[in-house]
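The chain contents come next:
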There are 2 protein chains.
Amino acid sequence: MSDGPQPQTGQSLLFLTDEQLRKGIEAMFFAYRGFTADPDRILEEKSYGRAHHRAIHFIHRSPGTTVNNLLSILGVTKQSLNRVLRTLIEDGLVASTVGKKDKRERHLHLTPEGAVLERALSDAQRDRMRAAYRTVGPDAVAGFRQVLEAMMDDQTRHHYEAMKDRTE
Amino acid sequence: MSDGPQPQTGQSLLFLTDEQLRKGIEAMFFAYRGFTADPDRILEEKSYGRAHHRAIHFIHRSPGTTVNNLLSILGVTKQSLNRVLRTLIEDGLVASTVGKKDKRERHLHLTPEGAVLERALSDAQRDRMRAAYRTVGPDAVAGFRQVLEAMMDDQTRHHYEAMKDRTE
DNA sequence: AACAATACGTCAGCTTTGTTGACATTCCAA
DNA sequence: TTGGAATGTCAACAAAGCTGACGTATTGTT
């Protein structure tokens, strides 16, 4: 493989050149920074980090989820999640209730206060995404989602697809 | 704003519902994990991290770049970059040469050994992206790139556009 | 009833990668 | 020649990941 111009089997494969793939890699890197920039500013004021944001996001999306479930969605260890979860519970943003059927489990919910922060964070993040979506239009958005889904690990994709999506 | 179904101004704006935007946010989160998973495995063997990968990537893309320029591309402090850069130079993967015109500047290049690692890392990352691109086709890829570019900060987009792209 | 497995929490210690602040050196330019 | 810019280095710290070990409560299995 070389960085230089390559013989193409057809014009339709031009998007698979090393150069184009590199541009895609860089686009992911740079875009992810923008993607997290707005919530990061809000989190900094409250002395929280991205890990708190992720926990809040997925507790909002799956109210009543267990610690174990959240662990596998986030892909971190229980020690790592516990540190974050403990501060959120202490600060009254997350409620942890003993399982009814299985008392070993803890079910996680956002408190009203937690929901307020969740809303602020996701508003900030959605604003940027909404602006991007408006700029490029529905067809580009569909392509965007398709590529992202295709880039996920199989196991991750299951988590992704399990999240509710009322438009489908 | 509410999570529930919302009155639409038209069918064409269905993709701007909170739910759809949330799905986009989750897609970014999950896809970014997949995006970094393959190079991470290679880096772990060599006791390097993602910060090393990023430095290597952009030194490869802009040979002879200065430390200051790299700083602004990566968006980190000089102290943070220096730590990474120092190990790469010690390990013989990166060469730092005093500037000819301005001797305060250091120009960074990959050594042959550094180029070998760069190739291994980017091959791994490109393989996944290539597979995704093949799955979804050129139109979706174009949309993917458009959305990512629209999500970047203005300053970041300048860096992105400054990177060479021989197909444009 | 005894035992094994599961879910969760916690302690201790370590790593990577980011941050500030302080300070020295080198060099260009006014 | 003096001021500012670019670089490098030291120290200290924080966020957020990791492993390993251990304790407790609960549940499932034999």
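Residues numbered from 1 in each chain as written. Chains lettered and ligands numbered in written order. Predicted model: local features only at pLDDT ≥ 70, side-chain atom pairs only at ≥ 80, totals over all residues. Heavy atoms only, no water.

An unreviewed UniProt entry lists chain A under the name DNA-binding MarR family transcriptional regulator, from Yoonia maritima.

(A) Representation of the relation of the copies chain B and chain A. Least-squares fitting of chain B to chain A yields an RMSD of 0.1 Å, with the transformation described by 0.0 Å of translation along the axis and a rotation of 180°. The superposition operator between the copies reduces to a two-fold rotation axis. Of the C-alpha atoms belonging to chain B, the one lying closest to the rotation axis is found on Phe144(B), 1.8 Å away. (Least-squares fit on C-alpha atoms with pLDDT ≥ 70 in both.)

(B) How the structure looks around the confidence of the model for chain A. Looking at chain A, pLDDT values average 91 and 90% of them are 70 or higher. Here residues 1-11 of chain A is modelled with pLDDT under 50, and outside its nearest four sequence neighbours on either side it reaches 17 contacts, counting other chains as well. (pLDDT = per-residue confidence, 0-100. Contact = heavy atoms within 4.5 Å.)

(C) Region of interest: the interface of chain B and chain A. Taken together, the 72 residues of chain B in the interface contact 71 residues of chain A. Interface of chain B and chain A: buried area, both sides summed, is about 7500 Å²; carbon and sulfur atoms make up 66% of it. Of all residues in chain B, the largest losses of buried area upon contact with chain A belong to Arg22(B), Lys23(B) and Phe30(B), amounting jointly to 10% of the total for that side. Where chain B packs against chain A, one counts 14 salt bridges. Among the salt bridges present, the one from Arg128(B) reaches Asp153(A), with a minimum N-O distance of 3.0 Å. For the pair chain B and chain A, the interface holds 27 residue pairs in polar contact (both at pLDDT 80 or more). A total of 19 residues in the side of chain B that touches chain A trace back to one element, the largest contributor, which is helix H1 (residues 18-45) of chain B. Among the residues making up the side of chain B that touches chain A, the classes are represented as 31 nonpolar, 19 polar and 22 charged. (Buried area = accessible area lost by both parts, 1.4 Å probe. Salt bridge = Lys/Arg side-chain N within 4 Å of Asp/Glu carboxyl O. Polar contact = N/O pair within 3.5 Å; in protein donor to acceptor, adjacent residues only side chain to side chain. Helix = DSSP H or I, 4+ residues; strand = E, 2+ residues; numbered from the N terminus. Nonpolar A, V, L, I, M, F, W, Y, C, P; charged D, E, K, R; others polar.)

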